[in-house]
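Chain by chain, the residues:
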Amino acid sequence: MAKRRQRRKEEGETIPRTAKRRQRKREGSRWVTVVAFIPALVLVGLLAYLLSVPPAPLPSGTRTTEGLPAEAPDFKLRIITPEGLTDKEFTFSSTSGSVVFLDFVFSWCPHCNNMGPTVKRLHEEYSGRGVVFVTVAGSSGSSPSATAKFLRDHGVSWTAVYDERMSVFQLYGVSGTPTYFVIDRDGRIVRELIGEQPYEVLKAAIEEALRA
């Protein structure tokens, strides 16, 4: 009896210890599972944050003729309209003798889209005073159909050309959009303005070119 009682006592002590080991093992497994999910949760949270933050605007800036070509480089590109890409070509030198407002855009650029109404307003005010407006649309990341939609959305009725090889972007040293060049009647670059600009700033640049 004493031996049986001793054996039961030992068994009674063994059962709780085994259960505790199993419990610790289960808790450890749960902890490992939670830890494994942490990187995924962090990644999901980061992606959600990035999607919720609007793109930062390009730093706005203005340059005069210093550091720019003395004359606006000539180029030839195919004309694109709100209906699509055409076979007609536009030569920049055809604007000789006129003040030119030249802007570089991408259809997908949020800042170019933000500036659409401002550029249209400038065209409405200055096209009657002989200022020629020309939009150069880049092809990088943008198709002719997407560019045509951009022109439709912003009511572009002036000359727009499609830079299929991005050669004119390179010719003018454009690294970000929108970028605006104001060119006087002698073909000299008066101002280069980068990023979203107030209407008054663009207007002042055009007025300066008209007085030159």
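Here, the structure is the one placed above.
Parameters and conventions
- Residues numbered from 1 in each chain as written.
- Predicted model: local features only at pLDDT ≥ 70, side-chain atom pairs only at ≥ 80, totals over all residues.
- Heavy atoms only, no water.
- Helix = DSSP H or I, 4+ residues; strand = E, 2+ residues; numbered from the N terminus.
- Buried < 20%, exposed > 50% of the residue type's maximum accessible area, 1.4 Å probe, protein only.
- Contact = heavy atoms within 4.5 Å.
- Areas by Shrake-Rupley, 256 points an atom, 1.4 Å probe, with all protein chains shown as cover.
- Core = buried A, V, L, I, M, F, W, Y, C linked by side-chain atoms within 4.5 Å.
- Arc of directions from axis to C-beta.
- Phe/Tyr/Trp six-rings, centres within 6.5 Å; stacked < 30°, edge-to-face > 60°.
- Lys NZ or Arg CZ within 6 Å of the ring centre and 35° of its normal.
- Salt bridge = Lys/Arg side-chain N within 4 Å of Asp/Glu carboxyl O.
- Pairing = 2+ DSSP bridges.

Undergrad: I keep staring at the overall build of the chain and nothing clicks. Help me out?
TA: Helix and strand counts for the chain stand at five helices and eight strands. Secondary structure elements of the chain, listed N to C terminal, follow the sequence α-β-β-β-β-α-β-α-β-α-β-β-α. Taking all 212 residues of the chain together, 37% fall into the buried category. Taking as baseline every contact in the chain between residues at least 6 positions apart, the subset at least 24 positions apart corresponds to 73%. Carbon and sulfur atoms form 56% of the exposed surface of the chain, whose accessible area is close to 12800 Å².

Undergrad: Just checking my understanding: could you explain the nonpolar core for this structure?
TA: Side chains of nonpolar character tend, in soluble globular proteins, to be buried together. Ranked by internal contacts, the top residues of the largest apolar core, which has 49 residues, are Phe75, Phe101, Leu102 and Tyr172. In this structure leucine 102 touches Phe75, Phe92, Val134, Val136, Tyr172, Thr179, Tyr180, Phe181 and Ile183, once residues within four positions along its chain are discounted.

Undergrad: Which parts of the structure should I look at to understand helix α3 (residues 144-153)?
TA: Along an α-helix, residues three or four apart share an orientation, since each turn contains 3.6 residues. Among all positions in α3, only Thr147, Ala148, Phe150 and Leu151 are buried. Buried residues of α3 fall within an arc of 155 degrees about the axis and therefore sit on the same side. Positioned one or two residues after α3, glycine 155 has a phi angle of 60 degrees, which is positive.

Undergrad: Before we go on, may I ask you to explain the packing of aromatic side chains in this structure?
TA: Across all of its chains, the model carries 12 aromatic pairs by this definition. Note on phenylalanine 104 and phenylalanine 169: the rings are 5.1 Å apart at their centroids and 85 degrees apart in plane angle, and the pair reads as edge-to-face. Here phenylalanine 104, found in strand β4 (residues 100-105), pairs with phenylalanine 169, found in helix α4 (residues 167-171); they are 65 residues apart in sequence, far enough to count as distant. Among the aromatic side chains, those forming a connected cluster through ring pairs are Phe75, Phe90, Phe92, Phe104, Phe106, Trp108, Phe169, Tyr172 and Phe181. For arginine 121, the ring lying beneath its charged end belongs to tyrosine 199, and the centroid distance is 3.6 Å.

Undergrad: Explanation requested: the pattern of salt bridges in the structure shown.
TA: Scanning the model with the defined rule gives eight salt bridges in all. Glutamate 207 serves as the salt-bridge partner of arginine 129, at 3.0 Å between the closest nitrogen and oxygen. Separated by 78 residues along the polypeptide, arginine 129 in the loop between α2 (110-126) and β5 (132-138) and glutamate 207 in helix α5 (residues 199-211) bring together distant segments of the chain. Through salt bridges that share partners, Arg78, Asp87 and Glu164 make up one connected network.

Undergrad: Where do I start with the pairing of strand β7 (residues 179-183) in this structure?
TA: For a regular strand, side-chain orientation follows a simple rule: the groups alternate between the two sheet faces. For β7, the buried fraction is high: five of the five residues fall into the buried class. Residues Thr179, Phe181 and Ile183 point to one face of β7 and Tyr180 and Val182 to the other, with burial holding for every one of them. Across five bridges, β4 lies against β7 in antiparallel orientation. Bridged to phenylalanine 104 within β7 is threonine 179. Relative to strand β8 (residues 189-194), β7 runs antiparallel, the two being bridged by five bridges. When the bridges of β8 are listed, threonine 179 appears paired with isoleucine 194. The hairpin formed by β7 and β8 contains five residues between the paired strands, and glycine 187 there has a positive phi angle of roughly 80 degrees.

Undergrad: Honestly, the pairing of strand β2 (residues 76-81) in this entry has me stumped. Any pointers?
TA: Pairing geometry for β2 and strand β3 (residues 84-91), over five bridges, is antiparallel. Across the sheet, threonine 81 pairs through a bridge with glycine 84, a residue of β3. The antiparallel pairing of β2 with β3 creates a hairpin that spans two residues between the two strands. Pairing of β2 with strand β6 (residues 159-163), which is carried by two bridges, proceeds in the antiparallel orientation. Directly across from arginine 78, in β6, lies its bridge partner tyrosine 162.

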